[in-house]
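# Overview (structure and organization)
For reference, the chains in residue letters:
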Amino acid sequence: MNSIHLFGASTLTGLNLTDLFDLETFNLHSYYYSNKVENSSRINLLDYKSFNPDIDTNLNIWISFSPIWVFSNFLEQININKKNILKSISFLIVTSSSSAESKRFSFNNYDKSLVSKLTQAEDKLRDICEKNHIKLYIIRPTMIYGQRGNYKDKNLSQIAIILKKLPFFFIPSETGFRQPIHSIQLANLILFLVKKEISKNSTNIRTEIITVGGDVTLTYLEMIKSLQYSFPEGDKGKRCHLIKVPNRAFIFLITPFCLISPKIFEALLRISSDLSGFICVSDIMECEKSNVFPLMNFED
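In short, a report on the structure. By convention here, each chain's residues receive numbers from 1 onward along its written sequence. The predicted nature of this model means local features are confined to residues of pLDDT at least 70 and side-chain atom pairs, given and counted, to a pLDDT of 80 or more, with totals for whole chains, interfaces and linings taken over all residues. Where side-chain values are given, they derive from all heavy atoms of the structure, hydrogens and water being excluded.

### Digging into the pattern of salt bridges
- One speaks of a salt bridge when a side-chain nitrogen belonging to Lys or Arg is within 4 Å of a carboxyl oxygen belonging to Asp or Glu. Tallying each qualifying case throughout the model produces 10 salt bridges.
- Note that K124 is salt-bridged to E76, the shortest N-O span being 3.4 Å. Here K124 is found in helix α5 (residues 109-131), whereas its partner E76 is found in helix α2 (residues 68-81), with 48 residues between them in sequence.
- Bridged by salt links that share partners, the residues K135, E197, R206 and E208 form one connected network. By the criteria applied, helices consist of DSSP H or I runs no shorter than four residues and strands consist of E runs no shorter than two, each listed in order from the N terminus.

So, in structure tokens, the structure goes:
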């Protein structure tokens, strides 16, 4: 029987993808790995010995939403110690981050370390897959957002917390563009790639790196206002007043963070930067673009 092995099933996108797999009728047996979600197998990616899958399958698909640097080290250990498992993999899809591109020239140590971990992990996975003749998709999503029960994104949900705590928030008068992607959109993209590979049965093992964003591009200010609009009536976040100041004045106001936290300082500087222009998820899936920015729909 053909099989799918999904690592990181407890992530926001992983939860959405498991729902999509459950609705599909193709002949695939699904194995979900997580330390948090019920009906999933528990493995420790830091210990390759804990992974003993059934590899007696014709089509073996691996998908990972785990931190790519953790998963790449896990796959490296599998390659060294359990190489027969890798020989069964038909293709692999892993998620990285658009930060591998957008933060390449960051000056704070945290972001520099993040870029290094992302790119080194991508290179390691590419090398392992090429040597084992495995087709590899590396997905670099932009700002992922959404919510499912107690599971929230780590992007807009963090901004929402700030808006709910502060009576006002300074923002530069000219903000850069963003291209957020909903976790459900990302899950649908992964499903599309799975179906594509199954249907074409290709022998092409070339690695594909896809940096993808949502279908709607908007300014950072528009994104914040849309987020505020999504709050229920009476929510403190709705009452947070956005005060636009000239960009030079904004830089002056945030200067103390350069000493307190270079990471926060650079994050605030990026409010004015354009972090968009990536391929739209609908263009990859060859479907009609949606003009609705689904920010208001945090839950499924």
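Additional details are given in the paragraphs that follow.
### Looking at the nonpolar core
- For our purposes a nonpolar core is just a set of buried Ala, Val, Leu, Ile, Met, Phe, Trp, Tyr and Cys residues, chained together by side-chain atoms within 4.5 Å. Relative accessible area decides the class of each residue, using a 1.4 Å probe on protein chains only: under 20% of the type maximum gives buried, over 50% gives exposed, and in between gives partly exposed. Counting 28 residues, the largest nonpolar core has L17, I61, I63, I93, I139, L189 and V212 as its most contacted members.
- If near-sequence neighbours (up to four positions away) are discounted, V212 is found in contact with I139, R140, P141, T142, I181, L189, F278, I279, C280, V281 and I284.
- Grouped together as the second largest cluster of nonpolar side chains are 27 residues, Y48, A100, I128 and I138 included. By definition in these notes, contact holds between two residues if any of their heavy atoms fall within 4.5 Å.

### Side note on helix α8 (residues 220-230)
- Burial of α8 is extensive: eight of the 11 residues sit out of reach of the surface.
- Within α8, burial applies to Y220, L221, M223, I224, S226, L227, Q228 and S230.

### Regarding the packing of aromatic side chains
- Pairing of aromatic rings covers Phe, Tyr and the six-membered ring of Trp, with a centre-to-centre limit of 6.5 Å; geometry is then stacked below 30 degrees between planes, edge-to-face above 60, and tilted otherwise. One pass over the structure, following the stated rule, counts 11 aromatic pairs.
- Measuring from centroid to centroid gives 5.6 Å for F51 and F74, while their planes differ by 65°, and the two rings are edge-to-face. Of this pair, F51 sits in the loop between β2 (28-33) and β3 (60-64) while F74 sits in helix α2, and the two are 23 residues apart along the sequence. Residues F51 and F74 agree in their burial class; the two are buried.
- Seen from their ring centres, F168 and F170 are 5.5 Å apart, and the 75° between their planes marks the pair as edge-to-face.
- On the accessibility criterion, F170 (34% relative accessible area) is partly exposed.
- Sitting above the plane of the W69 ring, K117 keeps its charged end 4.2 Å from the centroid.
- Charges are assigned to positions over rings by a cutoff of 6 Å between ring centre and Lys NZ or Arg CZ, combined with an angular limit of 35 degrees from the ring normal. If you follow K263 out to its NZ or CZ, it ends over the ring of Y110, 3.8 Å from the centre.

### Some remarks on the packing of helix α6 (residues 156-165) against α8
- Viewed as axis vectors pointing N to C, α6 and α8 meet at an angle of 70°, and their least axial separation amounts to 11 Å. Our classification of the angle between α6 and α8 gives roughly perpendicular. Within the contact between the two elements, α6 uses L156, I159, A160 and L163 and α8 uses Y220, M223, I224, L227 and Q228.
- The residue makeup of the contact of α6 with α8, split by class, is eight nonpolar, one polar and no charged. Interaxial angle, 0 to 180 degrees, is taken between N-to-C directions of lines fitted to C-alpha atoms, where a helix line uses only the stretch in contact. Just so you know how the angles are binned, under 35 degrees is roughly parallel, over 145 roughly antiparallel, 65 to 115 roughly perpendicular, and the rest oblique. Amino acids outside the nonpolar list (Ala, Val, Leu, Ile, Met, Phe, Trp, Tyr, Cys, Pro) and the charged list (Asp, Glu, Lys, Arg) are all regarded as polar, and Gly is one of them.

### Digging into the sheet that holds strand β12 (residues 208-213)
- The parallel open sheet is built from seven strands, whose spatial order is β2-β1-β3-β4-β5-β12-β15. Whereas interior strands pair on both sides, the edge strands pair on one side only; in this sheet they are β2 and β15 (279-280).
- A pair of strands is treated as paired once DSSP finds two or more bridges between them. Of the pairings in the sheet, the one linking strand β1 (residues 2-7) to β2 comprises six bridges and is parallel in character. Bridge assignment links N2 to a residue of β2, and that residue is L28.
- Where α2 meets the sheet, its contacts fall on β1, β3 and β4 (91-95), and the angle it forms with β4 comes to roughly 150°.
- Contacts from helix α7 (residues 183-200) reach β1, β2, β3, β4, β5 (135-141) and β12, with the element oriented near 160° to β5.

### Focus: the side chain of T207
- Looking at where T207 falls in the secondary structure, it is placed in the loop between α7 and β12.
- Those residues in contact with T207 that sit more than four places away from it in its chain are R126, E130, L136 and I138.

### What about the environment of H182?
- Mapped onto the elements, H182 comes out in strand β11 (residues 181-182).
- Its relative accessible area of 4% is what places H182 among the buried residues.
- Side-chain polar atoms of H182 contact the backbone nitrogen of I184, separated by 3.0 Å. In protein, a polar contact means a hydrogen-donor-capable atom and an acceptor-capable atom, both N or O and within 3.5 Å, with residues adjacent in sequence counting only if both atoms are side-chain atoms; elsewhere, any N or O pair within 3.5 Å suffices.

### Side note on the environment of I68
- Mapped onto the fold, I68 is located in helix α2.
- For the pair I68 and L125, spaced 57 residues apart in sequence, the C-alpha to C-alpha distance is 9.0 Å.
- With residues near it in sequence (within four places) discarded, I68 still touches V94, T95, S96, L118, A121, E122 and L125.

### Describing the packing of α2 against α5
- Closest axis-to-axis distance for the α2/α5 pair is 8 Å, and the angle between their directions is 30°. If you check the angle between α2 and α5, you find them roughly parallel. Taken as a pair, α2 and α5 cross one another with a handedness that is left-handed. For the pair formed by α2 and α5, the contact residues are I68, W69, F71, S72, N73, L75, E76 and N79 on the first element and L114, K117, L118, A121, E122, K124, L125 and I128 on the second.
- Within the contact of α2 with α5, the residues separate by chemical class into nine nonpolar, three polar and four charged. Whether a crossing is left-handed or right-handed is set by the direction in which the near helix is turned from the far one by less than a right angle, anticlockwise for left-handed and clockwise for right-handed.

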